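Per-entry structural report
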Amino acid sequence: MIVVHRIDALRAGHGRLFVVLGVFDGLHLGHLYMLRELATAAAARQAQPAVITFDHHPDEVLAGSAPPLLCDPEERLERLAQAGVALTVVDHFDLKTRMTPYDAYVRMIAERVDLAGFLMTPESAFGFERRGTPETVAALGRELDYEVVVVPTLELDGHPVRSAEIRSDIARGDLAAAAALLGRPYAVVGHGTGRAALRFAMPVALPEAGTYPVTIDDVATSVTVAGGRLRIDDGVAREGRTRVVFA
């Protein structure tokens, strides 16, 4: 998978692209469903499936604080590649991005690559004041010669699969419910500094205070969560990137 940093780094050589835009935090079952639909829509238009996402959660700018991460940024890219995405743009979300109208944002893409279209859900919206809806983006497409494909949000047991629900499940310690929506056991990635407690570059979703069984490098152990911190209970000093998988 090609990774491009910022929209303005896109080039004609990246080919014909069919795009979905989103945070994709967690790469949960709903996201994987969207990526399958993206691949189908792209193939039907002789295009490559592409994702536009962000280096920080947009709520950091939009709401003043971002929700805790469900997926390490590096792992998010790895999982996008595994899902068959050909190109991912990691754009920077700042005040300028927030104030950019949807049509100007789309034109920035269309000016740089052969834009085949966008995949959206009925609830999708982007750009200043979230005016980039399926209807308005499709109307612009008639001018710029691209298509918009709208697919429903994935539902399980009658409820849409959303990152906010997964965060809620994790926060109350229901890791089995979170895993069911993620399609895999929940995991966090921190940085070991030779001590039992892991350091996180950005806030990550942690369960309520308690002790939890985990695996680290396929070795079973346990962690204690307290005060928003995670301590590995086996006392083994770890250095560098450490992935903790909740059992």
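Residues numbered from 1 in each chain as written. Predicted model: local features only at pLDDT ≥ 70, side-chain atom pairs only at ≥ 80, totals over all residues. Heavy atoms only, no water.

**Here we look at the nonpolar core**
Of all hydrophobic cores here, the largest spans 25 residues; its most connected members are Ile-170, Tyr-186, Val-188, Val-223, Leu-230 and Phe-246. Among the elements of the structure, helix 7 (163-171), helix 8 (175-182), strand 10 (210-216), strand 11 (219-226), strand 12 (229-232) and strand 13 (239-246) are those that each provide at least two residues to this core. Looking at which element gives the most residues to this core, the answer is helix 8, with 4 residues. The contacts of Ile-170, once residues within four sequence positions are left out, are Leu-70, Leu-175, Ala-178, Tyr-186, Ala-205, Leu-206, Pro-207 and Glu-208. (Core = buried A, V, L, I, M, F, W, Y, C linked by side-chain atoms within 4.5 Å. Buried < 20%, exposed > 50% of the residue type's maximum accessible area, 1.4 Å probe, protein only. Helix = DSSP H or I, 4+ residues; strand = E, 2+ residues; numbered from the N terminus. Contact = heavy atoms within 4.5 Å.)

**Brief notes about the pattern of salt bridges**
Applying the stated rule across the entire model yields 13 salt bridges. A salt bridge links Glu-147 to Arg-45; the shortest N-O distance between them is 3.0 Å. Of this pair, Glu-147 sits in strand 6 (residues 147-150) while Arg-45 sits in the loop between helix 1 (29-44) and strand 3 (48-54), and the two are 102 residues apart along the sequence. Exposure remark for Arg-45: the relative accessible area of 18% places this residue in the buried category. Arg-172 is the salt-bridge partner of Asp-169, the closest N and O atoms lying 2.7 Å from each other. Among the residues examined, Asp-169 registers a relative accessible area of 4% and is labelled buried. (Salt bridge = Lys/Arg side-chain N within 4 Å of Asp/Glu carboxyl O.)

**Thoughts on the environment of Pro-152**
Here Pro-152 shows up in the loop between strand 6 and strand 7 (155-156). A relative accessible area of 53% places Pro-152 in the exposed class. Residues Pro-152 and Ala-180, 28 residues apart in the sequence, show an inter-C-alpha distance of 20 Å. Excluding residues that lie within four positions of it along the chain, Pro-152 makes contacts with Tyr-33 and Pro-122.

**Some thoughts on helix 6 (residues 134-144)**
All buried positions along helix 6 are accounted for by Pro-134, Val-137, Leu-140 and Gly-141. Across the axial projection of helix 6, the buried residues extend over an arc of 130°, all falling on one side. For helix 6, the exposed residues set more than 90 degrees away from the buried face come down to Glu-135, Arg-142 and Glu-143. Buried residues along helix 6 sit in contact with helix 5 (102-110), strand 5 (114-120) and strand 6. A positive backbone phi angle near 65° is found at Asp-145, which sits one or two residues after helix 6. (Arc of directions from axis to C-beta.)

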